[in-house]
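# Notes for the structure review
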Amino acid sequence: MIDDASPDMGFFTDVTLCIGCKACEVACKQWNQLPSDGYALSGNSYDNTGRLSATTWRHVDFVEQFDRINPAESRWVMMSDVCKHCTHAGCMEACPTGAIIRNEYGAVYVQPDICNGCGYCVPACPFGVIALEPDQGVAQKCTLCYDRMKDGIEPACAKACPTDSIQFGPVEQLKERARRRTEELLARNVPARLYGVDEDTSVGDLNAFFLITDRPEVFNLPPKPVLPSTYQPVAYLSGFLATAALAIVAMQAFRSR
Amino acid sequence: MAGVTHGDIVQITPDAVAASLARGDGGFGRNQRSYYDHPVLRGAHWRWEIIWYFYIGGLMSGSAILAAAADTFGAEGDEAVVRNGRWLALVGAAISPLLLIKDLGRPERFLNMTRILKLKSPMSVGVWSLLSFSGLSAIAVLEELRGRGRVPWLLGGLLPRGPRNLAHALAAAFTGSYTGVLISATAVPVWNSGRRQIPAIFVCSAVATACAAQAALLALRGGSARSINKLERIEFVASLTEGVLLVDYASSAGETGNALFGGETGQRLRANTLVGGIAVPALLNLASLFTKPSHAGKPNVVKTLIAAGLTLYGGYVLRKSLIEAGRASADDPRAALRQPE
């Protein structure tokens with residue numbers, strides 16, 4: 001029985017608390033039984049994961065910022081990236097089979113037994129999150145630990161996070177907490193801002209949002225994500241106008257003697 | 001300062017340190033433009049199956065439009081355009097689903113596409129459009145056979161002629177243009193920056209390639225010179241419109257268009273589509289514009305075949321370049337992180 005009364009649940013990920021331990025990555029892999037991605041070394045700080053993928057649903061960014069004039073200003077910022085579970089989700093709109101749904105917890109969820117692997121959700125995600133899993137041939141991404149939530153326990157990554165950099169809970173409560181945290185940090189001269197909350201974008205608020213201390217692109221987040229379906233009206237119009245024009249041309253040509 | 005990215009930190013040379021100090025920008029890493037130049041977006045996995053589907057889809061839609069137009073407005077002698085167009089449409093409609101199913105990660109689940117109709121998803125709308133087009137193409141061919149006394153039963157007469165042609169042409173136009181909406185309505189920068197032009201370009205290319213294929217068929221089988229003349233007139237307008245739209249796309253996309261119009265992809269597109277597939281055939285077809293169909297002499301088979309071959313190849317290169325440019329664009333963090341207009 002679906003509990004319609006359940007509030008939307010989500011993540012508040014705070015970079016000022018992340019210590020880069022990657023416990024979230026490991027816990028996610030273990031709980032969701034996701035395969036290893038190999039042992040390649042990237043040479044990019046401690047980030048040997050690279051990015052989110054069909055088999056990596058949490059990924060810790062390691063941003064190194066060395067200041068050679070004021071070395072004390074140097075920073076090492078870590079951010080645990082995840083599917084944003086957008087209010088207006090590009091992947092969900094693009095899905096032609098209805099495999100991608102919003103579940104009773106407000107999470108964007110791929111039903112693996114419905115997805116037929118057409119792959120159209122992949123270029124439709126403004127964050128490059130969802131991906132095709134080659135072995136199963138279906139699209140996969142973070143489920144917000146749907147199975148754990150059914151049993152009333154928090155997602156594996158949030159449970160494993162030792163510093164509460166990843167907080168799980170009702171989205172509205174998390175937003176309140178995040179706004180307070182931002183004010184606190186700003187009062188202490190930390191350049192904090194929220195990403196995915198109170199912003200005017202076509203994807204809407206993100207159910208998994210972030211507190212960041214630099215411009216979004218430093219963390220590989222698009223500064224102004226756009227919902228791809230907003231491009232449709234002008235595109236349909238373009239095709240319609242060309243059709244109408246060529247229909248007249250064809251009519252004239254076949255009528256000519 | 002341009003081009004200072006996090007990637008530069010990996011190689012901190014004494015010269016780079018001196019330059020950074022001279023700039024006084026606070027040293028390395030305060031001007032990061034991306035995260036180690038990692039891709040921000042993911043491209044579509046589409047390979048040859050979808051390139052060919054886009055191509056054949058255009059060819060079959062254009063053929064059906066020409067057949068419907070010739071059946072409605074054509075004069076005596078245009079019957080071959082109707083017949084060939086209907087057959088080309090049906091053959092295309094038979095091949096297209098096979099290509100689409102082969103491309104799926106789970107081909108045995110292709111019927112899941114028909115679980116729902118979702119107007120927000122161009123993929124879903126396209127599947128239903130293709131299904132309608134296939135059905136209408138089958139009816140059109142049955143009608144063709146019935147008209148020639150080859151089909152004794154009445155199946156072909158399900159719909160009266162006018163509505164049948166109109167429905168076939170509309171389904172064809174939608175099937176030929178939704179693929180343009182499909183790629184425009186994605187997060188891929190080079191695709192969505194062409195949303196004003198790509199669907200129209202696909203429609204123009206569909207009609208131009210279909211005219212070329214039909215003209216070649218007529219020329220090879222000793223068809224009517226009048227019909228060839230008419231097809232070449234239509235092709236001329238469709239091709240030139242396509243060329244103008246491509247140039248407009250290139251200039252309005254700016255730097256974001258580099259994945260398609262820059263480098264080797266751009267060279268191939270300019271040589272094979274803009275020049276080879278549009279300008280040269282247009283010049284070859286120019287004479288038809290100034291000759292009335294009734295005054296068209298014996299068709300010049302070689303000229304028609306060359307023009308048709310170039311147009312058909314240019315249409316293929318257009319689809320291939322667009323799909324490959326989509327992946328390159330998605331992999332380019334600078335394109336993805338550029339502020340949208």
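Residues numbered from 1 in each chain as written. Chains lettered and ligands numbered in written order. Predicted model: local features only at pLDDT ≥ 70, side-chain atom pairs only at ≥ 80, totals over all residues.

This part takes up the overall build of chain A. Each helix and strand counted, chain A has seven helices and ten strands in total. Seen through its C-alpha atoms, chain A measures out along the principal axes to roughly 85 × 55 × 40 Å. By the burial criterion, 49% of the 257 residues in chain A qualify as buried. (Helix = DSSP H or I, 4+ residues; strand = E, 2+ residues; numbered from the N terminus. Buried ≥ 20, exposed ≤ 12 C-beta atoms within 10 Å, placed from the backbone.)

Counting residues in each nonpolar core, the largest one holds 186 residues, and the members touching the most others are C91 and C121 of chain A together with I65, C204, V207 and C211 of chain B. For this core, the element with the highest residue contribution is helix α7 (residues 198–220) of chain B, accounting for 18 residues. There are two domains that each give this core at least three residues, and those are domain 1 (9–225) and domain 2 (227–257) of chain A. The residues touching C121 of chain A, leaving out its near neighbours within four places in the chain, are C91, A94, C95, I100, I130 and A139 of chain A. (Core = buried A, V, L, I, M, F, W, Y, C linked by C-beta atoms within 7 Å. Domains from an automatic or database assignment. Contact = placed C-beta atoms within 7 Å.)

Residue and element names in this part refer to chain B. Assignment of secondary structure puts G297 in the loop between α10 (263–289) and α11 (301–330). Judged by C-beta crowding, with 8 C-beta atoms within 10 Å, G297 ranks as exposed. With 130 residues separating them in the primary sequence, G297 and A167 have C-alpha atoms 35 Å apart.

Now for the sheet that holds strand β9 (residues 193–195) of chain A. All names here are of chain A. Read from one edge of the open sheet, four strands run β8-β1-β10-β9, paired in mixed fashion. The sheet terminates laterally at β8 (166–170) and β9, the two strands that pair on one side only. Each neighbouring strand pair of the sheet contributes to a mean axis angle of 25°, computed without reference to strand direction. Across four bridges, the pairing between strand β1 (residues 9–14) and strand β10 (residues 208–212) is parallel. In the strand pairing of β10, F11 is matched with A208. (Pairing = 2+ DSSP bridges. Axes fitted to C-alpha atoms, helices over the stretch in contact; angles between N-to-C directions.)

Residue and element names in this part refer to chain A. Examined at the domain level, chain A breaks down into domain 1 (9–225) and domain 2 (227–257). Each of domain 1 and domain 2 has a C-alpha centre, and these two points are 41 Å apart. When the residues that make up the side of domain 1 that touches domain 2 are grouped by side-chain class, the tally is three nonpolar, three polar and one charged. (Nonpolar A, V, L, I, M, F, W, Y, C, P; charged D, E, K, R; others polar.)

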